[in-house]
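Chain and residue survey
Below, each chain spelled out in residue letters.
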Amino acid sequence: TNYAHSMAFLFGHSPTELKLTDSVGAFIADCCTILEMEDHIVAASTSIRGQPPKGGLIVNLQAACLEVSVTALKWPSFRDAGDVQIVNHIWDSPGELKVPIRQLKERIVGACIQKLNSSSERIRKLCKDGLDIAVAQELLEKTKLQESFRPILADVAQISRINLNQMNHLHRLLDILPDQF
């Protein structure tokens, strides 16, 4: 997580000096992949000195990955990259795949929407910041918003499946995105 915090610091404090390279793009994509994975999968594939990670470590890792991803959205080299192709590692098979940076931005926005439901206040704040940036940069597509609301609204439609966590998630999404509808 120290490396992630350092990268986020560099994105935020030396935007003109730091250039978007394949390795930086791949690092951002890897952060996004970690955010998209379920907690138990991250925990199962991670070990520290041969021991499974503690719960707080997964939250810290996700927060660090979110910090990198959200700060990258503000970083001019990433924000203004246009049609650049970046390296995206395929974690479950050997090799790499080049994907458009637009696709990575969409993944970051999707991760912010998904993790907005986190129990960690720090993660929720980073997600809110990321979604505010996405709204300002017009990165939110209507289809992405519909995808994010569909599972929540499906649960809300059935009274027996409603819980406080889902209602809070819906509240946070609607709070951030009032002008999108």
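Whatever comes next refers back to the structure up there.
Reference entry: report on the structure contained in this document. Numbering of residues starts from 1 in every chain and runs along the sequence as written. Given that this is a predicted model, residues contribute local features only at a pLDDT of at least 70 and side-chain atom pairs are listed and counted only at 80 or more, while totals for whole chains, interfaces and linings are drawn from all residues. Side-chain metrics in this entry use all non-hydrogen atoms of the structure; hydrogen atoms and water are not considered.

Points about unusual backbone geometry
Phi is positive for Glu 138, which is not a glycine, with a value near 55°. For Glu 138, the location among the structural elements is in the loop between helix 7 (121-136) and helix 8 (142-157). The exposure class of Glu 138 is exposed, given its relative accessible area of 70%. Labels follow the DSSP assignment, with helices taken as runs of H or I lasting at least four residues and strands as runs of E lasting at least two, numbered in each case from the N terminus. Partly exposed residues are those whose accessible area sits between 20% and 50% of the maximum for their type, while under 20% is buried and over 50% is exposed, using a 1.4 Å probe and protein chains only.

What to know about the packing of aromatic side chains
Within 6.5 Å between ring centres, the rings of Phe, Tyr and Trp (the latter by its six-membered ring) count as paired, and their orientation is classed by plane angle as stacked under 30 degrees, edge-to-face over 60, tilted in between. Per the stated rule, a full pass over the model turns up 1 aromatic pair. Residues Phe 11 and Trp 75 carry aromatic rings whose centres are separated by 4.4 Å and whose planes lie at 20° to one another, so their mutual orientation is stacked. Here Phe 11, found in helix 1 (residues 2-13), pairs with Trp 75, found in the loop between helix 4 (55-74) and helix 5 (76-79); they are 64 residues apart in sequence, far enough to count as distant.

Focus: the packing of helix 2 (residues 22-36) against helix 6 (residues 101-115)
Their axes nearest at 10 Å, the elements helix 2 and helix 6 cross at an angle of 30°. Relative to helix 6, the element helix 2 is oriented roughly parallel. In the crossing of helix 2 with helix 6, the sense of the turn from one axis to the other is left-handed. Together, Gly 25, Ile 28, Ala 29, Cys 32, Thr 33, Leu 35 and Glu 36 of helix 2 and Leu 104, Arg 107, Ile 108, Ala 111, Gln 114 and Lys 115 of helix 6 make up the contact between the two elements. Lines fitted to C-alpha atoms define the axes, with helix axes restricted to the stretch in contact, and inter-axis angles between N-to-C directions lie between 0 and 180 degrees. Just so you know how the angles are binned, under 35 degrees is roughly parallel, over 145 roughly antiparallel, 65 to 115 roughly perpendicular, and the rest oblique. When the near helix sits turned anticlockwise from the far one by under a right angle, the crossing is termed left-handed; a clockwise turn instead gives a right-handed crossing. Contacts between residues were defined by any pair of non-hydrogen atoms, one from each residue, lying within 4.5 Å.

Considerations on helix 6
If you check helix 6, its first and last C-alpha atoms are 21 Å apart, about what 15 residues at 1.5 Å a residue would give, namely 21 Å. For helix 6, the full list of buried residues reads Ile 101, Leu 104, Lys 105, Arg 107, Ile 108, Val 109, Gly 110, Ala 111, Cys 112, Ile 113 and Lys 115. An expected span of 1.5 Å times one less than the residue number is assigned to each helix.

A short note on the side chain of Ser 118
Structurally, the position occupied by Ser 118 is in the loop between helix 6 and helix 7. What makes Ser 118 buried here is its relative accessible area of 14%. Apart from the residues lying within four places of it in its own chain, the contact partners of Ser 118 are Ile 123 and Arg 124.

Quick look at the packing of helix 6 against helix 7
Between helix 6 and helix 7, whose axes approach to 9 Å, the crossing angle comes to 140°. Classified by the angle their axes make, helix 6 and helix 7 are oblique. When the axes of helix 6 and helix 7 are compared, the crossing they make is left-handed. Residues Val 109, Ala 111, Cys 112, Ile 113 and Lys 115 of helix 6 form the contact with helix 7, whose participating residues are Ile 123, Cys 127, Gly 130, Leu 131 and Ala 134. Of the residues contributing to the contact of helix 6 with helix 7, the split by class is 8 nonpolar, 1 polar and 1 charged. When residues are sorted by character, Ala, Val, Leu, Ile, Met, Phe, Trp, Tyr, Cys and Pro go into the nonpolar class, Asp, Glu, Lys and Arg into the charged class, and all the rest, Gly among them, into the polar class.

Quick notes on the nonpolar core
Across soluble globular proteins, nonpolar side chains have a tendency to be buried as a group. Nine residue types can take part in a nonpolar core, namely buried Ala, Val, Leu, Ile, Met, Phe, Trp, Tyr and Cys, and a core is a set of them joined through side-chain atoms within 4.5 Å. One finds Phe 11, Ile 28, Val 68 and Phe 78 to be the most contacted residues of the largest nonpolar core, which totals 46 residues. Secondary-structure elements contributing two or more residues to this core are helix 1, helix 2, helix 4, helix 6, helix 7, helix 8 and helix 9 (164-176). Setting aside chain neighbours within four positions, we find Phe 11 in contact with Leu 18, Val 24, Ile 28, Val 68, Thr 71, Ala 72 and Trp 75.

Description of a nonpolar patch on the surface
Taken together, Ile 159, Ile 162, Leu 164 and Met 167 make up a surface patch of nonpolar side chains, about 410 Å² in accessible area. The topology assignment puts Leu 164 in helix 9. Exposure remark for Leu 164: the relative accessible area of 64% places this residue in the exposed category. Patch rule: a residue counts if its relative accessible area is over 30% and it has no salt bridge; like charges are joined within 9 Å, and nonpolar side chains (Val, Leu, Ile, Met, Phe, Trp, Tyr) within 5 Å. Note on areas: Shrake-Rupley with a 1.4 Å probe; residue coverage comes only from the protein chains shown. A pairing counts as a salt bridge when a side-chain nitrogen of Lys or Arg comes within 4 Å of a carboxyl oxygen of Asp or Glu.

Comments concerning the layout of surface pockets
Empty space within the largest pocket amounts to approximately 250 Å³. A per-class count over the lining of the largest pocket returns 3 nonpolar, 6 polar and 3 charged. Any residue with an atom within 4 Å of a point lines the site, the site being either a cavity, points on a 1 Å grid over the protein atoms alone where a 1.4 Å probe fits but cannot get out, or a pocket, an open set with protein on both sides within 12 Å along at least 5 of 7 lines. Grid points are joined across faces, edges and corners, and a volume is the space filled by probe spheres set on the points.

Digging into helix 2
An α-helix turns once per 3.6 residues; consequently, residues spaced three or four apart project the same way. An ideal rise of 1.5 Å per residue puts 21 Å on 15 residues; helix 2 measures up with 21 Å between its terminal C-alpha atoms. With 12 of its 15 residues buried, helix 2 lies for the most part within the structure. Residues of helix 2 that are buried: Val 24, Gly 25, Ala 26, Phe 27, Ile 28, Ala 29, Asp 30, Cys 31, Cys 32, Thr 33, Ile 34 and Leu 35.

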